[in-house]
Amino acid sequence: MYLYNSASHKKEAFVPNHPELVKMYTCGPTVYHFAHIGNLRSYIMEDVLEKYLRYVGYNVKRVMNITDVGHLSSDADTGEDKMLKGAKREHKSVMEIAQYYTDAFFADCRKLNIKRPDVVEPATNCIDEYIKIITKLLDTGYAYRSGGNVYFDTSRLPRYYIFNDHNEEDLAVGVREGVEEDTNKRNRNDFVLWFTKSKFEDQALKWDSPWGVGYPGWHIECSGISMKHLGEDLDIHCGGVDNMFPHHTNEIAQSESYLGHKWVNYWVHVAHLNTADGKMSKSKGEFLTVTLLEEKGYDPIAYRFFCLQSHYRKNLVFSWENLDNAQKAFDKLIARIAGLRPDDGAVDEAALAANREKFIKQMDNDINTPNGVTVLYDVLKAKTNDATKRAMLADVDSVLSLDLLRKADALREKNARAAATQSAAFTVIAEDGTPDEAIEAQLRARAEAKKAKNFAEADRIRDALKAQGIELTDIPNGAKWKRV
Ligand SMILES: [Zn+2]
C-alpha cells in the first residue's frame, strides 16, 4: 500500500513500525460549535483509511482528541478563546458547551457512518501529560518562560517548517488583521505551551502547574494525548490541510524535541472542501452542517458518497447542484442494487476474491476512493449471479460504508409494500350482494395481468368468467360483477 506523506512530498510504501499494530492519530474537533461538512470531509476520509487498513489485515489503534480548552480563534495563539466564545454566545458554561457539541459531533459521525475512534480523549483529561512534556522542554532549553506563560523556542530547531517552505510573510497570513502580536515571544513563530496570563481573565478552566494556575496551549494537547495512548511513535497522523501549519508543525517541534527522535512516519492531510466563492463552512450565508443537508432532504450518506467520488488530496467544490448530482447517482446505484435477487444461488468465492484484489489495487494507490467507487459499478455489470454480486458489494462496502445492501433491501421492501397496498386497494363489488372468494381472486388476477400489460391473459380470465355466467364491469381501481 502506498500513502502520500506530506512530510516527504511523495507517495511512500506503507510499513508500520510494529507489524502487529498500526498506530493512528487524528486531530479531533474543537467543540465550540457544530462541525461543518468541510471538517467532516476529513473525518470521512480518515475513516476510510482506518477501515481500509483493517480490511487488508492490520490491527489499528486510533486515537482522537476533543479540544475543549486552549484553542484560540487564530491557530497562532491569538484572538479569542473558541470555547469561551461559544459559551458566551449560548449563555452556558464552557463544559456544557463542550458536552453539547461533542455529542453533536458524534451524532453527525453516526449519520455519516464514521466509526468512533478506539480512544476519544478530551484535552482537559490529560493536564498531567502536558505538564510532564513542558517540564522537560524547559529543562532541556526548548522552552522558556515569559510574561507568565511558557513558550516553545522555535529558534532551537535546525528545521522548523516541515511541510512547506514558509517564510515570515506567510506566517503573517496566520495572524489575522487587528490581532495584536504577543510581545512575550522571543521569535515570531514561538507558540504557547502553557498560559497563566492571557487577556482572558475569566478563563473558566484552570489547573495548577509549576508555572502557576493556567491552562495548556492547543498544540500541546495532541502531543500529550497521542503519547499517553500510543506511546513514543506514531505510524499515521491525520488532519485537514489547514492543520499543517502551524498546528502540526508545532506538534512535531515540541514532540520531537521532547522525545529526542522522530515521532510520526506518515503525515496524511485531507484537502479542503470549498464552495465556488472559496469559503469552507458557509454557502450563501447558510452554515453547512449535516442537519442542514437533512433539512434540505439529502441523505447524509449521499454526502459521504459525494466525498468518496473525489480523491482526498484534491480540493472538492461544494455546491447544492453538485450534491444533487451525487444524491441522484447514489439513488440510482441503490435502485440497481435493489434489483439484485438475494438468493439466486451460491456465492462464487473465486470471483469474490478476484473482485477484492481489484478493489485493493485501486485503494493501495494512496486510498484512491474514486476508483474504489468505480469497482461498485463494475460489480453490477459483472458476469456472475446476483448472490455473488451482493457479496462483492458487501465486501467493498465494509470500507466505503455506504450502507449499500441495507438501503437496497429497504428499497426493495418498500417497493413490495407499495405493490401490495395497491393490490389490496383493488375493490371488488358483488352487485347481487353475495361475495365470492374464487371470483374475487380471478378479478384480482385479471387486474394484475393488465398491470403487467399481459392483455391476452386478462382477456382469457374475462372469457372464462363469462363462460361461468359472470358479467364484469371495470370501475376505478376495482371491478363489479353480477350473475346473468
Ligand atoms: Zn492536533
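Residues numbered from 1 in each chain as written. Predicted model: local features only at pLDDT ≥ 70, side-chain atom pairs only at ≥ 80, totals over all residues.

1. Quick look at the domain arrangement of the chain
Right, on to step 1. Under the domain assignment, the chain is made up of domain 1 (2–270), domain 2 (283–415) and domain 3 (426–483).
Right, on to step 2. Just the C-alpha atoms count here: the centres of domain 1 and domain 2 sit 32 Å apart.
Right, on to step 3. Each side of the interface is counted separately: domain 1 has 22 residues, and domain 2 has 25 residues.
Right, on to step 4. Those elements that place two or more of their residues in the side of domain 1 that touches domain 2 are strand 1 (2–5), helix 1 (37–55) and helix 3 (94–111).
Right, on to step 5. The dominant element in the side of domain 1 that touches domain 2, judged by the number of residues it contributes, is helix 1, at ten residues. (Domains from an automatic or database assignment. Contact = placed C-beta atoms within 7 Å. Helix = DSSP H or I, 4+ residues; strand = E, 2+ residues; numbered from the N terminus.)

2. Focus: the nonpolar core
Right, on to step 1. One finds Ile134 and Leu193 to be the most contacted residues of the largest nonpolar core, which totals 102 residues.
Right, on to step 2. Top element by residues in this core is helix 1. It accounts for nine residues.
Right, on to step 3. The two domains that each donate at least three residues to this core are domain 1 (2–270) and domain 2 (283–415).
Right, on to step 4. When sequence neighbours within four positions are dropped, the list of residues in contact with leucine 193 reads Ile134, Leu137, Ala143, Val150, Tyr151, Phe152, Gly217, Ile220 and Gln254.
Right, on to step 5. Listed in part, the five residues of the second largest apolar core include Val428, Leu443, Ala479 and Trp481. (Core = buried A, V, L, I, M, F, W, Y, C linked by C-beta atoms within 7 Å. Buried ≥ 20, exposed ≤ 12 C-beta atoms within 10 Å, placed from the backbone.)

3. Section: the sheet that holds strand 10 (residues 191–195)
Right, on to step 1. Pairing is antiparallel in the open sheet, where four strands are placed in the order 8-9-10-11. On the outer flanks of this sheet lie strand 8 (143–146) and strand 11 (215–216), each paired with one strand and no other.
Right, on to step 2. Taken together, the three bridges between strand 9 (residues 149–152) and strand 10 define a ladder with antiparallel strand orientation. Within strand 10, the position partnered with valine 150 by the bridge is tryptophan 194. (Pairing = 2+ DSSP bridges.)

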